Amino acid sequence: MKDMPIGIFDSGLGGLTVMSQIMKLMPCEDIIYFGDTARVPYGSKSQESIIKYSMQIASFLLEKKVKIIVVACNTASALALPSLRKKLSVPVIGVIEPGAKYAVNATRNGRIGIIGTEGTINSSSYVKEIKRIDIKKKAFTQACPLFVPLVEEGWLSHPITYLIIEEYLKALTKKNIDTLILGCTHYPLIKKAIQKKVGKKTELVDSASATAGEVLKILKKDGLKSERQRKARYQFFVSDSPKKFQHVGQRFLGKLPMWVKKINLEEK
Ligand code: DGL
């Protein structure tokens, strides 16, 4: 079991931010990544669809003999995690619990902001998780649906990006928050621009690194951590053209050579 790969999935390539943190923290663990590039974005889709897609991807990853499944997508974590956990026999980790836990510990004034896709924000998953940990904490949310296309376009510090950040965060910054959860895979890439808007005193919580820490904890606890000392192997699967994934993926993972294969989940 220990030498089996970690499975990670996302609606597209944003989950590579989570993969990159796992690679840094656990350099010897093999990883199989699935990006549902044919059906992205998940952010605006119904819960029924997200559960169906997530179950299909999880079955594919289990065929590949993964020892744990990391749901790197915030929207899928918000809408499909309980269904996945109920049906799957391996541990399933989402990004919401680790991100919320980190934020609750980080806040000094007890006021936490959360930004994410419409699906994530409308589900109230982050708010519920924060309140479950500490009922006294105050949470304020804002959906930012235009951030994902801006990042995919590579407009990480474009003037338009600054304008849109200004518009979305206007109300949140008036709530006296001292901690802001970046509740979407893509947002760490515009972290600098967001930080500029909210100011240095507001701590930005990137669910990706909090999740990597949680994965390590679970692998150790369940005796699943690899003890091998060789370089890890990475495999990438997508549901649409591998070319764009390879190209834009470099933005998330750096110059790592990527072996990407297309899979048709509907035929499975
Ligand atoms: N991966 C999604 C998330 O973290 C963002 C992209 C999408 O909407 O599919 O919520």
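This is a predicted model, so every value here is computed, not measured.

Conventions used here
- Starting afresh in each chain, residues are numbered from 1 along the sequence in its written order.
- Confidence filtering applies because this is a predicted model: local features only for residues at pLDDT of at least 70, side-chain atom pairs given and counted only at 80 or more, and all residues used for totals across whole chains, interfaces and linings.
- No hydrogens and no water enter the side-chain calculation; it runs on all heavy atoms of the structure.
- Where helices are involved, their axes are fitted lines through C-alpha atoms of the stretch in contact, as for all axes, and angles between N-to-C directions lie from 0 to 180°.
- Think of it this way: any DSSP run of H or I at least four residues long counts as a helix, any run of E at least two long counts as a strand, and we number them from the N terminus.
- Any angle that is under 35 degrees is reported as roughly parallel, and any over 145 degrees as roughly antiparallel; angles of 65 to 115 degrees are reported as roughly perpendicular and all others as oblique.
- When checking whether two residues touch, look at their non-hydrogen atoms; a contact exists if any pair is within 4.5 Å.
- Throughout this entry, Asp, Glu, Lys and Arg are counted as charged residues, while Ala, Val, Leu, Ile, Met, Phe, Trp, Tyr, Cys and Pro are counted as nonpolar. The remaining residues, Gly among them, count as polar.
- Geometry of aromatic contacts follows a simple scheme: Phe, Tyr and Trp rings, the Trp one being its six-membered ring, pair when their centres are within 6.5 Å, and the pair is stacked under 30 degrees between planes, edge-to-face over 60, tilted otherwise.
- Relative accessibility under 20% of the residue-type maximum defines a buried residue, over 50% an exposed one, and the middle range a partly exposed one, all with a 1.4 Å probe and only protein chains included.
- In this scheme the handedness of a crossing depends on how the near helix is turned from the far one: anticlockwise by less than a right angle means left-handed, clockwise means right-handed.
- For this description, a residue counts as near a given molecule or strand if any of its non-hydrogen atoms is within 4 Å of it.
- Counting of polar contacts relies on pairs of N or O atoms within 3.5 Å, with two restrictions inside protein: one atom must be capable of donating a hydrogen and the other of accepting it, and residues adjacent in sequence are counted only when both atoms are side-chain atoms.
- Accessible surface is estimated by sampling points in the Shrake-Rupley manner with a 1.4 Å probe; for residues, cover comes only from the protein chains shown.
- Within this document, salt bridges are pairs made up of a side-chain nitrogen of Lys or Arg and a carboxyl oxygen of Asp or Glu, the two lying within 4 Å of each other.
- Nonpolar cores were defined as sets of buried Ala, Val, Leu, Ile, Met, Phe, Trp, Tyr and Cys residues, with membership established by side-chain atoms within 4.5 Å.

> Just checking my understanding: could you explain the packing of helix 4 (residues 96-106) against helix 10 (residues 207-221) for this structure?
For any two helices packed against each other, one specifies the crossing angle of their axes together with the interaxial distance. It is the contact of helix 4 with helix 10, at a shortest axis distance of 8 Å, that shows an interaxial angle of 110 degrees. Judged on the interaxial angle alone, helix 10 and helix 4 are roughly perpendicular. Where helix 4 approaches helix 10, its residues Pro98, Gly99, Lys101 and Tyr102 are matched on the opposing element by Ser207, Ala210, Thr211, Glu214 and Lys217. Of the residues in the contact of helix 4 with helix 10, the class split is three nonpolar, three polar and three charged.

> Explanation requested: the packing of aromatic side chains in the structure shown.
The description of an aromatic ring pair uses the distance of the two centres, along with the angle that the planes make with each other. One pass over the full model with this rule turns up nine aromatic pairs. Note on Phe236 and Phe245: the rings are 6.1 Å apart at their centroids and 50 degrees apart in plane angle, and the pair reads as tilted. Pair check on accessibility: Phe236 and Phe245 agree, each one buried. Taken together, Phe34, Phe60, Phe237 and Trp259 form an aromatic cluster joined through their ring pairs.

> Please clarify how the packing of helix 4 against helix 6 (residues 125-133) should be interpreted in this entry.
For the pair helix 4 and helix 6, interaxial distance at closest approach is 9 Å and the crossing angle is 55 degrees. By the angle between their axes, helix 4 is oblique relative to helix 6. Both helix 4 and helix 6 take part in a crossing whose hand is right-handed. Across from Ile96, Glu97, Ala100, Lys101 and Val104 in helix 4, the residues of helix 6 making contact are Ser125, Tyr126, Glu129, Ile130 and Ile133. Residues of the contact of helix 4 with helix 6, tallied by class, amount to six nonpolar, one polar and three charged.

> Please clarify how the site of the ligand should be interpreted in this entry.
Taken together, 14 residues lie around the ligand, and Asp10, Ser11, Tyr42, Gly43 and Thr75 are the ones closest in. Between the ligand and Tyr42 there is a distance of 2.7 Å, counted from an oxygen atom to a backbone nitrogen or oxygen. Between the ligand and the protein, one listed contact pairs an oxygen atom with a backbone N or O atom of Gly43 at 2.9 Å. In the complex, 99% of the free accessible area of the ligand, which totals 300 Å², lies under the protein chains. Of the residues contributing to the shell around the ligand, the split by class is six nonpolar, seven polar and one charged.

> For this particular structure, what's the right way to read the pattern of salt bridges?
Oppositely charged side chains may form a pair once their charged atoms are brought near each other. Summed over the entire model, instances satisfying the criterion amount to 16 salt bridges. Close ionic contact of Glu152 with Lys244 constitutes a salt bridge, the shortest N to O distance being 3.8 Å. Of this pair, Glu152 sits in helix 7 (residues 147-152) while Lys244 sits in helix 11 (residues 242-253), and the two are 92 residues apart along the sequence. Glu152 sits in the partly exposed class, given a relative accessible area of 22%.

> How should I be thinking about the nonpolar core in this particular structure?
Within soluble globular proteins, side chains that are nonpolar generally end up buried alongside one another. In terms of nonpolar packing, the biggest core is built from 95 residues, with Leu16, Ile22, Ile115, Phe147, Ile194 and Phe236 touching the most fellow members. Element by element, the count of residues in this core is highest for helix 2 (residues 47-63), at seven residues. If we skip the residues at most four places from it in the chain, Ile194 touches Ile115, Phe147, Ile165, Leu169, Leu180, Leu182, Tyr187 and Leu204.

> Quick question: what am I supposed to make of the side chain of His186 here?
Mapped onto the elements, His186 comes out in the loop between strand 7 (179-183) and helix 9 (191-198). Residue class for His186 comes out buried when judged on its relative accessible area of 2%. Of note is the side chain of His186, whose polar atom sits 2.7 Å from the side chain of Glu152. What His186 contacts, discounting residues up to four positions off in sequence, is Gly14, Val148, Val151, Glu152 and Phe252.

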